[in-house]
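Residues per chain are reported as follows:
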Amino acid sequence: MAPSPKVASALAQVQSAPDASKPEQYEAILRQIKDLSSPSTATTDLSAIVTSIISASLGIVATRSLLDLFVTTLRDLKNVDLCIEVGNHALELIASTGASSSFLDQIAALRDLIASAHESNEDYIDAARCLAQIPLDSSQRQVTNEQVARIWVRIVRNFLEVDDTPAADTYVNKLKNIMHTVADPELHLHFQLSQARIRDAKRDFLDASKRYHDISFSKAIAEEERLHTLSMAIKCAVLAPAGPQRSRLLARLYRDERSAGLEEFGILEKMFLDRLLRQDEVDKFAKSLLPHQLAVTASGSTVLAKAVVEHNLLGASRLYENIGFDALGALLGLDAAGAEDTTARMIEQGRLLGRIDQVDRVIWFEKGEASGVKGSGKADVLVGKETRRWDANVQGIAEEVEHVVNALQTEYPEFVAAHLRA
């Protein structure tokens with residue numbers, strides 16, 4: 001499609017002019033583009049202008065200057081579709097000259113502009129791919145670590161928008177090597193948030209919760225965003241495997257004064273206090289979770305369902321000294337075999353103290369806190385242990401009764417004497 005008459009006439013005048021005056025005339029056309037062109041012909045007009053500039057053989061310095069002005073003009077028009085179409089056309093023209101290495105800054109500016117346009121259209125994969133092609137490691141272009149970090153952080157955020165965690169993780173690992181040289185606090189914040197989101201997506205909920213909670217104290221973000229990251233920290237803590245590490249994390253979140261004002265505080269409080277969770281409470285909490293947090297695991301249950309079962313098992317261990325497989329299964333919403341398997345796994349992983357009597361189909365819980373060290377949860381069977389515990393309990397009750405009698409005798413000696421004679 002041919003350019004508009006005004007643009008075609010202006011380009012014809014430039015082409016017939018002396019070489020020395022061509023750069024100034026091209027500049028004039030770009031500065032007057034809104035008067036020479038219209039929205040309906042802008043794509044064709046700008047494509048014709050950049051084609052003429054690159055094919056005019058004006059020299060590297062002059063061409064660079066004109067391409068810089070071309071990018072500025074394109075950006076000022078604020079039309080995302082125009083930026084994408086004309087920007088890609090310009091990149092193809094530069095590549096066709098075989099001298100791309102002479103225009104690295106201009107290529108970077110064009111790709112940045114195109115990526116921004118893709119982001120505005122919510123085409124995050126295209127934006128990430130465009131940013132990934134920006135030249136960063138050429139000896140002919142000096143790029144600081146902060147500039148590199150800025151581009152890589154944008155790539156990570158774009159991949160995370162479409163839940164492409166592996167691709168995002170690749171760039172996060174690259175960022176780890178340079179972030180210690182970057183001073184910009186905003187970049188560090190985005191980097192830390194990206195790490196938290198990746199840990200969350202990988203179901204490493206303990207680490208994700210800690211990172212979200214740390215970010216929630218940052219003064220670089222608004223109060224609303226700080227509360228949102230605190231909310232995410234609580235959600236990840238709830239989904240984390242039950243055990244001593246999660247207990248410490250729950251305590252940290254529970255003591256945060258801001259938590260009391262969040263919707264998740266109810267379930268946080270119950271988990272911190274080792275109270276059993278009801279199904280209606282779990283269903284309400286599930287509505288606030290992201291899709292990957294409700295994903296089905298290899299065992300056929302959701303991440304949330306598994307976390308609730310393990311929490312309720314830990315809560316049951318605080319209430320009971322022993323319980324049968326069937327009774328525990330009914331309490332956890334599992335069959336007897338599922339209850340036994342879950343208990344065995346938590347004991348083996350050091351997240352629960354106890355032992356399993358498979359002959360009598362009974363689980364014995366030990367008091368105290370598990371260490372979280374694999375293999376440390378298994379309790380030894382000691383001969384006469386339960387009898388000694390029973391004797392100790394009876395002795396304790398007898399001593400308490402004696403203390404009450406002594407206290408009564410001190411305060412009401414006549415009353416005690418009358419009843420003792422009776």
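Residues numbered from 1 in each chain as written. Predicted model: local features only at pLDDT ≥ 70, side-chain atom pairs only at ≥ 80, totals over all residues. Heavy atoms only, no water.

> Can you break down the packing of aromatic side chains residue by residue, with the values?
Counted by the stated rule, this structure contains 4 aromatic pairs. Pairing Tyr254 with Phe272 gives two aromatic rings, centres 4.4 Å apart and planes at 20°, and the pair type is stacked. Here Tyr254 is found in helix H14 (residues 244-254), whereas its partner Phe272 is found in helix H15 (residues 265-272), with 18 residues between them in sequence. Members of the aromatic cluster, connected to one another through ring pairs, are Trp152, Phe159 and Tyr171. (Phe/Tyr/Trp six-rings, centres within 6.5 Å; stacked < 30°, edge-to-face > 60°. Helix = DSSP H or I, 4+ residues; strand = E, 2+ residues; numbered from the N terminus.)

> Could you give me a rundown of the sheet that holds strand S1 (residues 322-324), with the residues and numbers involved?
Pairing is antiparallel in the open sheet, where 3 strands are placed in the order S1-S3-S2. Two strands lie at the open edges of the sheet, namely S1 and strand S2 (354-357), each paired on one side alone. When the angles between neighbouring strand axes are averaged without regard to direction, this sheet yields 20°. Pairing between S2 and strand S3 (residues 362-365): 4 bridges, direction antiparallel. Across the sheet, the residue bridging to Asp357 is Val362, located in S3. Its contacts with the sheet put helix H18 (residues 325-332) on S1, S2 and S3, and the angle it makes with S1 is roughly 90°. Packed on one face of the sheet, helix H19 (residues 336-348) meets S2 and S3 and runs near 140° to S2. (Pairing = 2+ DSSP bridges. Axes fitted to C-alpha atoms, helices over the stretch in contact; angles between N-to-C directions. Contact = heavy atoms within 4.5 Å.)

> Lay out the pairing of S3 in plain terms, naming residues and giving numbers.
Within a regular strand, the side chains alternate between the two sheet faces. Covered by surrounding structure in S3 are Val362 and Trp364 together with Ile363 and Phe365, the residues of both alternating faces. In the sheet, S1 pairs with S3 via 3 bridges, with the strands oriented antiparallel. Residue pairing in the sheet places Gly324 in a bridge with Val362 of S3. Count of turn residues in the S2/S3 antiparallel hairpin: 4 residues, of which Arg361 carries a positive phi of about 55°. (Buried < 20%, exposed > 50% of the residue type's maximum accessible area, 1.4 Å probe, protein only.)

> An account of the environment of Ala327 is requested, with residue identities and associated values reported.
By the element assignment, Ala327 lies in helix H18. Sequence separation between Ala327 and Val362 is 35 residues; the distance between their C-alpha atoms is 9.5 Å.

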